Amino acid sequence: MAFAEKLFGSGELDAEWRKAVEVVPRHLLVPFFYRQDGAVEWRRVRAEDPGFLAAVYSDTALTTQVIDGVPTSSSSQPSLMLQMLGALDVRDGDRVLEIATGTGYNAALLSERLGSDQVCTVEVDRELARVARARLGECGYEPVVLAGDGRQGLADRAPYDRLIATCGFTSVPPAWIAQVRSGGIIVCPLGVGNARLVVGGDGRAEGRFLPGGSFFMGVRSEGGNARIPYPGDPEEAVSRETPLACLDGEGDGLQFVLSLVLPDSAWAHEVDADGARTGCRLWARDGSWAHVQGGEVRQAGPRRLWDVVERANEWWEGQGHPERERFGVTATEFRTGWWLDSPGNAVPDMGA
Ligand SMILES: C[S@@+](CC[C@H](N)C(=O)[O-])C[C@H]1O[C@@H](n2cnc3c(N)ncnc32)[C@H](O)[C@@H]1O
C-alpha cells in the first residue's frame, strides 16, 4: 500500500503533501536506525536486515544516532511531521527555515513540496548536517543545509515565510521572531505540545497549541545531549504530606501544563509489579529534587519542585482540566508566556 495512504487513509492529507510522501524515499534518508534490545543495548538495523523496509515505511519514529547510550537524533514519526507540515500552511513560493535537519527526511518533504531553492535547514551536529546534505543530494534535493545552533535561526538567509522546528523547546528563541516576516508562521514543539504561532508586525508571535502529543528530542548544544542529569539522592531532604500522590502520567492534562510552567525538569515514575504508579522522582538542572511516595513528598535543592506541581494542579483543576488546544502562547524578544483561551488570560506564575 502507498505510504501516504497507510498513514492517513484517503482523508486528511492535502494532495500536495500526499504526493511528497509518495515521492520522497525515506529508506535512502534513513539507511539504518537503532533499536533497543532489552533495556540497554542499542542495535543497528540496516537495509539488508529483515523488517527494515517495513519499519522505515511505518508510522514510527526511528532513532538514528545514539551517543553514550542516549539517543541524540532520529527521523520523527511521519504522521506527526505531516500534521506539523499541514499546520505550517505553506503556499507555492514560500521560503522555509527548518530547525533540526536530522536525517533530512523532513527537509526532503519540504523540498519536494516547495522546491529545494526555497528550503534552508540547520543542524547542530556537524556530521549529521554533512551526511544529510549528501543523502539529500543523492535523492535529487539541494536545500541549504548548514551546521549551527538552530536557536540562532539563520540570519544570513532571512526573512522566511515559514519556520518549522523538529527538536523540543521550552520557549521561542527571539531570533526566530526577528527572522520570520510579519504574517509568517512558526510551528514548534514547546514542552510536550506543538504550537503554531503567527508573527505580528509588533515583534510578537502568538498562537495556539495543536491537538495531540509532541515527542521530540530536546534542543542541545553541539556534542551534548538534552538529558537532564539525575543529581543523586540528597543526604538531607525536607518532608511533608502531599495531597497529590503522583501524576497520572498521561501525555495530556497536568503533565502538559507542567511542561510549560516547570520547564527543564525530568521525571521518573515508580511502578509496582502490576504496572500501577506508586511514586515518582522529579529533578531539575539546578539540582532541585523531589521524591513522592504515597502521601509524602521529600524535597531538596534550591527550589521546591513539588510545591510548583501542587500549585499547577490546583490551578488546572480549578479551570476544569482544560485540554491542550485551549492553551496558547505569546512570544516576544524578552519572554514566552502561556495563556488559556485568550492572550488576556495568562496562565499564572506558579513560582517555578
Ligand atoms: C527529531 S531529530 C530531527 C528530525 C529531522 N527533522 C528529520 O526529518 O530527520 C532532532 C534533531 O535536532 C537536532 N538538534 C538538537 N539541538 C539542535 C540545535 N540547537 N540546533 C539545530 N539542531 C538541533 C539533533 O541533533 C537531531 O538531529
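Since the model is a prediction, treat every value here as computed from it, not as a measurement.

(A) Representation of the nonpolar core within the structure. Core analysis: the largest hydrophobic core is formed by 53 residues, its most contacted members being W176, L190, F209, V261 and W306. Per element, the largest residue contribution to this core is 7 residues, and it comes from helix α10 (residues 305-318). Apart from residues lying up to four places away in sequence, L190 is in contact with F169, T170, S171, V172, A195, F209, L260, V329 and W338. One finds L7, A20, L109 and V145 within the second-largest nonpolar core, a separate group that totals 44 residues.

(B) Up close: the packing of aromatic side chains. This model, assessed by the stated rule, comprises 10 aromatic pairs. Summarising the aromatic geometry, the rings of F33 and F52 are spaced 6.0 Å apart at their centres and angled 20° between planes, so their arrangement reads as stacked. Of the two residues, F33 sits in strand β1 (residues 32-37) while F52 sits in helix α4 (residues 52-56), which places them 19 residues apart along the sequence. For the pair F33 and F52, one class covers both residues: buried. Between W267 and W306, the aromatic rings sit 6.3 Å apart at their centres with planes inclined by 65°, giving edge-to-face as the arrangement. Here W306 lies in helix α10 and W267 lies in strand β13 (residues 265-271), a separation of 39 residues in the sequence. Take W267: its relative accessible area is 21%, and that puts it in the partly exposed class.

Conventions adopted
Residues numbered from 1 in each chain as written. Predicted model: local features only at pLDDT ≥ 70, side-chain atom pairs only at ≥ 80, totals over all residues. Heavy atoms only, no water. Core = buried A, V, L, I, M, F, W, Y, C linked by side-chain atoms within 4.5 Å. Buried < 20%, exposed > 50% of the residue type's maximum accessible area, 1.4 Å probe, protein only. Helix = DSSP H or I, 4+ residues; strand = E, 2+ residues; numbered from the N terminus. Contact = heavy atoms within 4.5 Å. Phe/Tyr/Trp six-rings, centres within 6.5 Å; stacked < 30°, edge-to-face > 60°.

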